[in-house]
Amino acid sequence: MYAIVEIAGQQFKVTKDQKVFVHRLKEDEGASISFDKVLLFNDGNTTTLGAPAIDGAKVDAKVLKHLKGDKIIVFKKKRRKGYKKKNGHRQYLTEIQIEGLFGSGSKSSSKKAEPKKEEAKKDDGKQDLSKNTVAELKEMAKAQGLEGYSSLKKAELIEALSK
């Protein structure tokens, strides 16, 4: 089980009991926080995609400590000009531990697409046939037992199926 969550402007793939370094958060050490901006949630069987975030899904975490990252040297130089600048930078970070992943399960991408196709096939007589492709119309004609459907054009197939 994992989730992709947006924390402090960055996206992280997180699992339960994982430790993550994120940009400095305002919460104190030892505080529990939850992140509501879950972009993707996978529970092993189904994957839920958000547009842009999943409603009702959240990730709970605990702030372990605040620290500074490794020093990064920023060195600028222009040849033959006598120009040199050397600066250092240490990013302020927060270490968090993911305590739990909770998905709503309201929007499932794998189960969402299939029922629409089944409904379309069930309501063939009530549905506008012009929305279907020629291949789908030929399959319907074959299922109804019409002869000579392979040489018909789309308009002719619609007329033959609507009878």
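Residues numbered from 1 in each chain as written. Predicted model: local features only at pLDDT ≥ 70, side-chain atom pairs only at ≥ 80, totals over all residues. Heavy atoms only, no water.

**Points about the packing of aromatic side chains**
This structure, assessed with the given rule, holds zero aromatic pairs. Between the NZ or CZ atom of K13 and the centre of the ring of Y2, over which it lies, the distance is 4.5 Å. When the ring centre of Y83 is taken as reference, the NZ or CZ atom of K78 above it lies at 5.5 Å. (Phe/Tyr/Trp six-rings, centres within 6.5 Å; stacked < 30°, edge-to-face > 60°. Lys NZ or Arg CZ within 6 Å of the ring centre and 35° of its normal.)

**Side note on the nonpolar core**
V14, F35, V38, V59 and I96 are the most contacted members of the largest nonpolar core, which totals 20 residues. Listing elements by their share of this core, those giving two or more residues are β1 (2–7), β2 (10–14), β3 (19–23), β4 (32–35), β5 (38–42), β7 (58–78) and β8 (83–102). In this view, I96 contacts I7, Q18, K19, V20, V22, L25, F35, A61, K62, V63 and L64; residues no more than four positions away in its chain are not counted. By size, the runner-up hydrophobic cluster in this structure holds six residues, among which are L137, M140, A141 and L157. (Core = buried A, V, L, I, M, F, W, Y, C linked by side-chain atoms within 4.5 Å. Buried < 20%, exposed > 50% of the residue type's maximum accessible area, 1.4 Å probe, protein only. Helix = DSSP H or I, 4+ residues; strand = E, 2+ residues; numbered from the N terminus. Contact = heavy atoms within 4.5 Å.)

**Considering the confidence of the model for the protein chain**
Taken residue by residue, the protein chain gives an average pLDDT of 86. The fraction at 70 or more is 86%. Predicted confidence for residues 105–125 stays below pLDDT 50, and this span has 15 contacts to residues more than four positions away or in other chains. (pLDDT = per-residue confidence, 0-100.)

**Brief notes about unusual backbone geometry**
Cis rather than trans, the peptide bond between A51 and P52 has omega equal to -5°. Along the chain, P52 falls in the loop between β6 (47–49) and β7. One non-glycine residue, D17, lies in the positive phi region at around 65°. Structurally, D17 can be placed in the loop between β2 and β3. Unlike most non-glycine residues, R80 shows phi in positive territory, near 60°. Checked against the element boundaries, R80 lands in the loop between β7 and β8.

**Points about the pattern of salt bridges**
Across all of its chains, the model carries three salt bridges by this definition. For the salt bridge of D17 with K16, the shortest nitrogen-to-oxygen distance reads 3.8 Å. The closest approach of N and O atoms between K65 and E95, which form a salt bridge, is 3.9 Å. Pair noted here: K65 is in strand β7 and E95 is in strand β8, with a separation of 30 residues, a long-range link. (Salt bridge = Lys/Arg side-chain N within 4 Å of Asp/Glu carboxyl O.)

**Looking at the pairing of β4**
Residues I33 and F35 of β4 are buried on one face, while the alternating residues S32 and S34, pointing to the opposite face, are not. Direction of pairing for β4 relative to β7: antiparallel, over a ladder of four bridges. If you follow F35 over to β7, its bridge partner there is V59. (Pairing = 2+ DSSP bridges.)

**Structural notes on a positive patch on the surface**
Residues R24, K68, K71, K86 and R90 make up a contiguous surface patch of positive charge. Elements supplying a minimum of two residues to the positive patch: β7 and β8. When you line up the elements, K86 lands in strand β8. Overall, K86 belongs to the exposed group, its relative accessible area being 63%. (Patch = residues over 30% accessible without salt bridge, like charges linked within 9 Å, V, L, I, M, F, W, Y side chains within 5 Å. Areas by Shrake-Rupley, 256 points an atom, 1.4 Å probe, with all protein chains shown as cover. Lys, Arg positive; Asp, Glu negative; His and termini not counted. Charge placed at Lys NZ, Arg CZ, Asp CG, Glu CD.)

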